[in-house]
Structures are given as C-alpha cells and as structure tokens.
Amino acid sequence: MSQAHRFKKDYYGGALMVLVGLAAVAAGLQYHTGTLSRMGPGFFPVAVGALLAFVGVLIASSARGQSASQAEQPAGHGHGHAAPDLRGTVCIVLGTLAFLLFGVYGGMIPATFAIVFISALGDRNNNIKQAAALAVAMCVIAAVVFSWLLQIQLPLFTWGG
Amino acid sequence: MVSNALHDLWFGFGVAFQGSNLMWSFFGVLVGNLIGVLPGMGALSAISILLPLTYVMHPVPAILMLAGIFYGSQYGGAIGAILLNLPSHPPHAVTCLDGYPMTRAGKGGTALGITMICSFFAASVGILVMIFASPLLTAIAFKFGPAEIFSIMLLGLLAGSTMSRGSPLKGVAMTLFGLLCGVVGTDVNTGTFRFALGIPELSDGLELVAIAMGLFGVADFILNVNRMTAVTSNAKLRIRDMRPSMAELKQAFWPMVRGTGVGTLFGAMPGTGPTITTFVAYALERKISKTPEKFGTGMIAGVAAPEASSHSKTQVDFIPTMSLGIPGDAVMALILGALMIQGIAPGPQLISDHPDIFWGLIASFWIGNVILMILNVPMIGVWVKLLQVPYRYLFPSAMFFIAVGVFSTQSSLFQIWEVLAFGLIGALLMYLEFSVAPILLGFVLGPMVEENFRRALLLSRGDLSVFIQRPISCTFVVISALLVTAVTWSAWRGRGGKSKPVVEVPDSGLAVNE
C-alpha cells in the first residue's frame, strides 16, 4: 500500500470520527447535562463525543506518521482491505432488504429464498442455476430446522400483519 | 484453601457430566471446531449466530455451549493455518509462518499433532490457574466500590483498544464509538430516551447480537465477496503422521511452556487481545532461540509457542470475565452479554450465587478439551475437505443464518435493520483500517462505565479526585496512565525508525508487562 493512499485513509477516518463525535455532542446537549455531582442523562454522551472528536483530530493529524510497520502485518481479517466489490455489496444489501420485505409480505420461505438467492448472485462465480439450488436447499433447512425444530415465530407463508 | 477448591471442582464435574450439560458442551465444541475451520468465520461469528439458541436454554448448558464454541474454534483455526497457510482468524496468522513450511516439507501431520498436545497442555495450565486465582480475585473484588469498578474498566477499555491490532489511536476511537452505541436507549437513572431518533424499538437499546453479526458477519462478507481467492490443498494426512517423534516432542517442550506462560500473563490482563498474545509468544521464541534465522522455515518452536499461548489465554480470559464482570476481549464481551440475558449479573458474587455455572464451566473446559483431542484425530480428513467449501456457497447461507438468528432474538424484523446498518458501518470502518472488535467491548461495558462513573461522583459530591484517593482505584489509574505513556512513547519512537520487522511490533506490549 502506498504512503499517499494510507495518508488519505487515515485522513478520512479521522474526519469521520470528528463528525460522529460532534454529532454525539450536539445530540447530547439536547438532554439535561447537569453537574459533576448530579449528572443528567446528557453528561456522559457529551463527554464521550467530545473525546471521540479529539481523538479523531489526532488520527487525522498523525496520518502521515504511520510508517510502513503496520502494512507489513501478515494476511488476516480486518486490516488492509481493498475497496469492497460493488456488485457483491449491492447484492448483500438488496438480499437483506428483500428478507425484510418478504418477512412481512410472504413469510419465511419466500424471505429465505430471496436473501440466499440475491446474495449468492453477488458472487461473480455463481450462475442463476447454482444460486437457485442453494436457495432451495436453505429453504428446506429453514422449514425443518428453524420452523419445525426451533419453533421460530415467523410463519412459513403469510401476507402482512 | 486447596482442599476447598478441589471439593468445589468435584461438584463442578458433577454438573458438567449431567446428560444435557455434557451434550450441549459437546455440541458447542463440535460446532466451534467446524466453524473455526471454515475460512472467514471465527469464534465471534459462531457465537453470535448461536447466541439466540441459548435464550430458551437453562443458563448452565447455555454458557457451557458458548464457551465450547470459543475454544473449539481455536483448535479449528490452527488447522487452516498449518495446512493451507490460511489464517481463519487473526490470532493464527503467526502460526502460518512456521506451520505452513512444515506442511510443504511433508510434516503437516506432525505440526498438527504438536499443536494439539500444546493446546491441551496450555489449556490445562490455564484451567488450574483459573481454579486457584478466581476465588482470590473475588475476595479482593468484594472491596470494590463504584470508583474502583470505574477505574478497572477504564484500564480494561484502554488496554483493549491500544493493544489490539493496528493503530492505538484508532482503537481508542473505536472503543469510544462503542461507548456511544451503548448510550442508545433509556437512561436507567432518569428514564430519558437517548439517541433513539424517535424509534420506539430503540428504547431498549441496540441489540448486542445484531451489532456483533453486523460487524463480524455482514461487514466481512461485504469486504470479502469476489475478493476471496480460491484455495486448494493436496495435503494427504494419515493418523500415523500426526504422532510426533520423541526428538520433536523434546524440541517443542520448552517453547510450549514459555508460550503457556505468555498466554497466562496476558489472559490475566483485561483487554489484551489474542492476536497480540500469539505474536509476543512467537517474538519471544525467536529472540531466545539459538538459531533465530531459521524461523519461518518450519521450526517446531514457531508452531508450539503461539498455539500454546492462545489456548492458555483463552482459559485465563474467563477469570476477569467471571469474577469481576469485566470482559477481556470481544468474545468475552459476548459471553458476558449472554450471561446478562439469562438474568445473571456477573461480578464477585457470581461464584457464590451460581456455583453450578462457575465450577461447571471449569470442569467442562477439561472435558471439552479431552473431547477435542479425541474428535480431531479421526475428523482431520473431514476438516480438510471442509476447508475447500467455496466461499460463494458459504456466505449466502450465512446471510440467511444471520437474518433468522437476529429475528429470533426478539421475534421482530426490526433488529435486521440494525444488522444491515452495522454491516455497512463495519465495512466502512474496516476499509478505513479501523479494527472493529473494540466497538463490542465498549458497547458491553458502556452502560456499566456510565453507571459507576455517575455513582462514584454522586458519592463524592462531584469531586473527581475520588478516583486517585482510594488506593485500589489509584493503582488502576496509575497503570492506565503508564499504559498511555508507553504506547505514546513507542509510537513516537516507531515514527523515527523505518520499517521494523513484523514480529518486532508487539514489543511495546512486552515492555508494558514488565
């Protein structure tokens, strides 16, 4: 990873933290903050938000200083990610939204089929037939394991309510 | 004292051997092992997916099962690291360095055998420490007031955020973000709705399971889809290969003991993550070895020490979680959350109030580790096959398990919105190279931190010096200050020296310990 790239990421990361911190302070000030001896509900969020904004400034200002030592960490999760794949992300989000929609208008079986089918299509190596087969298999598991054995309170088929 | 502990332990074995407890413990270990083997799935995702299942269970089997998943997944993670050079989760990354060269040299079976022996030894030592240290710690913990609890939590949060992977500043930022997430919902002191955005479902606060699944499930899928490269292995293993020779055992013995020591020390400190532990154990081995240049080419010591350290740490981690109610890392935070969902308040009174949970858990550790030893020998072929399950089938199925699992926590679809939100937040943060585990730590501890902070200052009439006037509290504050100084100093020093070798990075952690 190049130095310039890293600088940018830390810069945006710090800015994001400042934003979140300030938002928390702004929201917290709407509640009663009180005094140190008698704190209101707003005190703690305001204090934490201010700290977060401060740390955000530190992150952004030290962005350049982080040298190569971290980039060399061995492969693992959580660090050094490339930008997520657009198609995959969109499909995972759409699949989850479809589960929410079909959970109300449709029931467990349509919802299960939708979330598995749509998110499977997010992987470029899956074709429609494979995605459908996987989704059908998951529907069977949903019906047998979750609906019958674990008694999940989501009807197999429903319409609204 | 000793006879008392042995008597309690005997009682614990009685609890752990009860039919249903034994069955759930076995189930947890098996599932943990299975999920630990799967690429991209660690203990955190396994526990969050199965957490809703425990709502309908009795607390004892529920905790035994969750703990089983935790240490089971660590056995599983080592398999992928050694055979495929694929760290299923970060703590095993360092095992790859010497484990995979051993596989290429045709000694993968031996490496696995050594790993199992080390893991069992280290876990046993960890369990012994837990048996004798927990009651001692509890005796001290009864003297804790709100000021002490706040100070020790502060230390835990600071250690958790600065000593996890990556930049300490970013870790602190994530912990603070987690604390803010913990604020959402009804304020216990005044009944005010905070940060609820006018959504009535948020009045009970955010759902722990939803946050965990969003951050560690969905966010991971978003980042890895179409990015995961296919792995193939033609490693053929026979049970006979897994028995190490006498000479190899001798070579592994002292690294194993030293690794166990490192793990025990780090487990006792709240907030130090498992990844840093294995890295320190590896760095220590390399430093005292007569042939440091041979590390990375298949040294047995390079496999034995990190694996031993991760397993003793896993067991010792339960000490602060169970006796103080302060989780050491994100996995412990989840287990603590599971206890609270069951209506059990963790803290010094846990051992006396719920001896069946505490001693049953300890006894089940031992049984679980024996089961894992027996299980892994014949199943190794199956695990290798599992490693080849393509990611393109794995993640859509996991999406379904997440959706249904979160739904079942409160039988409402609302929590799935939270999963989606935290999935996107987590993906963004991970892309910006924040490590998301401290969020969970902050979220679980947040309400407790706020509560004790407010109570301590209410008692002292707003005098902030209460935290340094009381001796125990003052000790923790001083350690926290030292920690901040050490981290700042090593960051400042690190800026001057360019490109240090990989395993030198955790040195700052060692300095803090001494």
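Rules used in this analysis
- Residues numbered from 1 in each chain as written.
- Chains lettered and ligands numbered in written order.
- Predicted model: local features only at pLDDT ≥ 70, side-chain atom pairs only at ≥ 80, totals over all residues.
- Heavy atoms only, no water.
- Helix = DSSP H or I, 4+ residues; strand = E, 2+ residues; numbered from the N terminus.
- Buried < 20%, exposed > 50% of the residue type's maximum accessible area, 1.4 Å probe, protein only.
- Contact = heavy atoms within 4.5 Å.
- Areas by Shrake-Rupley, 256 points an atom, 1.4 Å probe, with all protein chains shown as cover.
- Axes fitted to C-alpha atoms, helices over the stretch in contact; angles between N-to-C directions.
- Parallel < 35°, antiparallel > 145°, perpendicular 65-115°, else oblique.
- Left-handed = near helix turned anticlockwise from the far one by under 90°.
- Nonpolar A, V, L, I, M, F, W, Y, C, P; charged D, E, K, R; others polar.
- Buried area = accessible area lost by both parts, 1.4 Å probe.
- Salt bridge = Lys/Arg side-chain N within 4 Å of Asp/Glu carboxyl O.
- Polar contact = N/O pair within 3.5 Å; in protein donor to acceptor, adjacent residues only side chain to side chain.
- Expected span 1.5 Å × (residues − 1).
- Bend = angle between axes of the 7 residues up to and from the residue.
- Phe/Tyr/Trp six-rings, centres within 6.5 Å; stacked < 30°, edge-to-face > 60°.
- Lys NZ or Arg CZ within 6 Å of the ring centre and 35° of its normal.
- Patch = residues over 30% accessible without salt bridge, like charges linked within 9 Å, V, L, I, M, F, W, Y side chains within 5 Å.
- pLDDT = per-residue confidence, 0-100.
- Core = buried A, V, L, I, M, F, W, Y, C linked by side-chain atoms within 4.5 Å.

Before going further, it helps to spend a moment on the overall build of chain A. Tallying secondary structure elements over chain A gives five helices and zero strands in all. The order of α-helices and β-strands along chain A, N terminus first, is α-α-α-α-α. Every one of the 161 residues in chain A was classed for burial, and the buried ones make up 45%. Sequence-distant contacts in chain A: of pairs separated by 6 or more residues, those separated by 24 or more amount to 61%. Surface summary for chain A: the accessible area is close to 7,900 Å², and the carbon and sulfur share equals 69%.

Residues and elements named next belong to chain B. Relative to each other, helix 7 (residues 146–162) and helix 19 (residues 437–459) sit at 155°, their axes nearing to 8 Å. Compared by their axis directions, helix 7 and helix 19 come out roughly antiparallel. The element helix 7 and its partner helix 19 pack so that their crossing is left-handed. In this structure, helix 7 contributes P146, A147, I149, F150, M153, G156, L157, G160 and S161 to the contact, and helix 19 contributes P438, L441, G442, L445, M448, V449, N452, F453, R455, A456 and L459. Classifying every residue of the contact of helix 7 with helix 19 by side-chain character gives 14 nonpolar, five polar and one charged.

On the side of chain A, 78 residues touch chain B, which itself brings 77 residues to the contact. Overall, the association of chain B and chain A removes approximately 7,100 Å² of surface from exposure, summing both partners, and the carbon and sulfur fraction of that is 74%. Across the chain B-chain A interface, the total number found is two salt bridges. The closest approach of N and O atoms between D10 of chain A and K170 of chain B, which form a salt bridge, is 2.5 Å. Along the contact surface separating chain B from chain A lie seven residue pairs in polar contact (both at pLDDT 80 or more). Element by element, the count of residues in the side of chain B that touches chain A is highest for helix 17 (residues 391–410) of chain B, at 12 residues. Tallied by class, residues from the side of chain B that touches chain A come to 48 nonpolar, 16 polar and 13 charged.

Turning next to helix 9 (residues 208–224) of chain B. Residue and element names in this part refer to chain B. The first and last C-alpha atoms of helix 9 sit 23 Å apart over 17 residues, in line with the 24 Å expected at 1.5 Å per residue. At G214, helix 9 is bent by approximately 35°, the largest bend along its length. Of all 17 residues that make up helix 9, 17 are buried, and the element is covered over most of its length. Of the residues one or two after helix 9, N226 is the one with positive phi, at around 65°.

Further remarks concern the packing of aromatic side chains. Two numbers describe a pair of aromatic rings. These are the distance of the centres and the angle of the planes. All names here are of chain B. Within the structure shown, the criterion is met by 14 aromatic pairs over all chains. Considering the side-chain rings of Y71 and F365, the 5.6 Å spacing of their centres and the 80° angle between planes classify their relative orientation as edge-to-face. You can see Y71 sitting in helix 4 (residues 59–84) and its partner F365 sitting in helix 16 (residues 355–386), a full 294 residues away along the chain. There is no split in this pair, since Y71 and F365 are both buried. Judged by centre distance (5.0 Å) and plane angle (90°), the rings of F358 and W359 are edge-to-face. Per residue, the accessibility class of F358 equals that of W359, and both read buried. A cation over a ring is seen here: K170 above F434, with NZ or CZ 4.9 Å from the ring centre. When the ring centre of Y393 is taken as origin, the NZ or CZ atom of R392, which lies over that ring, is 4.8 Å away.

Once that is clear, we can look at helix 14 (residues 330–341) of chain B. Residue and element names in this part refer to chain B. Helix length check: helix 14 (12 residues) gives 16 Å between terminal C-alpha atoms against 16 Å at 1.5 Å per residue, within 8%. Counting buried positions along helix 14 gives 10 out of 12 residues, so the element sits mostly inside the fold. Among the residues making up helix 14, those that are buried are A330, V331, M332, A333, L334, I335, L336, G337, A338 and L339. Among the residues trailing helix 14, G343 stands out with phi positive, at a value near 85°.

What follows is about a nonpolar patch on the surface. All names here are of chain A. A cluster of nonpolar side chains, namely F113, V136, V140, V144, V145, W148 and L149, defines an oily patch on the protein surface of about 640 Å² accessible area. Counting residues per element, the nonpolar patch draws most heavily on helix 5 (residues 128–149), at six residues. Along the chain, V136 falls in helix 5. Judged by its relative accessible area of 44%, V136 is partly exposed.

With that settled, the discussion passes to the confidence of the model for chain B. Residue and element names in this part refer to chain B. A residue-level look at chain B finds 88% of positions with pLDDT of 70 or above and a mean pLDDT of 78. The secondary structure element of chain B with the lowest average pLDDT is helix 22 (residues 507–513), at 28, and the one with the highest is helix 18 (residues 414–431), at 90. In the model, residues 496–514 has pLDDT below 50 throughout and makes 24 contacts with residues more than four positions away in sequence or in other chains. The complex model carries a pTM of 0.75, and its ipTM stands at 0.85.

Per-residue pLDDT for chain A has a mean of 79; in total, 82% of the residues score no lower than 70. Between the elements of chain A, mean pLDDT differs from a low of 82, seen in helix 1 (residues 3–28) of chain A, to a high of 90, seen in helix 4 (residues 108–121) of chain A.

Positionally, D85 of chain A belongs in the loop between helix 2 (43–61) and helix 3 (86–104). Ignoring sequence-local partners within four residues, the contact set of D85 of chain A consists of G122 and R124 of chain A together with I222, V225, N226 and R227 of chain B.

A few words on the packing of helix 9 of chain B against helix 17 of chain B. Residues and elements named next belong to chain B. Relative to each other, helix 9 and helix 17 sit at 160°, their axes nearing to 11 Å. Relative to helix 17, helix 9 is oriented roughly antiparallel. Judged by the sense of rotation from one axis to the other, the crossing of helix 9 with helix 17 is left-handed. Two secondary-structure elements touch here, helix 9 through V209, A210, M213, G217, V218, D220, F221 and N224 and helix 17 through Y391, F395, A398, M399, I402, G405, V406 and T409.

Here the focus is the nonpolar core. Residue and element names in this part refer to chain B. Counting 160 residues, the largest nonpolar core has F318, M322 and L440 as its most contacted members. With 13 residues, helix 9 is the single largest residue contributor to this core. In this view, M322 contacts M130, L339, G347, L350, I357, F358 and L361; residues no more than four positions away in its chain are not counted. Formed by 19 residues, the second largest nonpolar core is a distinct cluster that contains V37, L112, A252 and W383.

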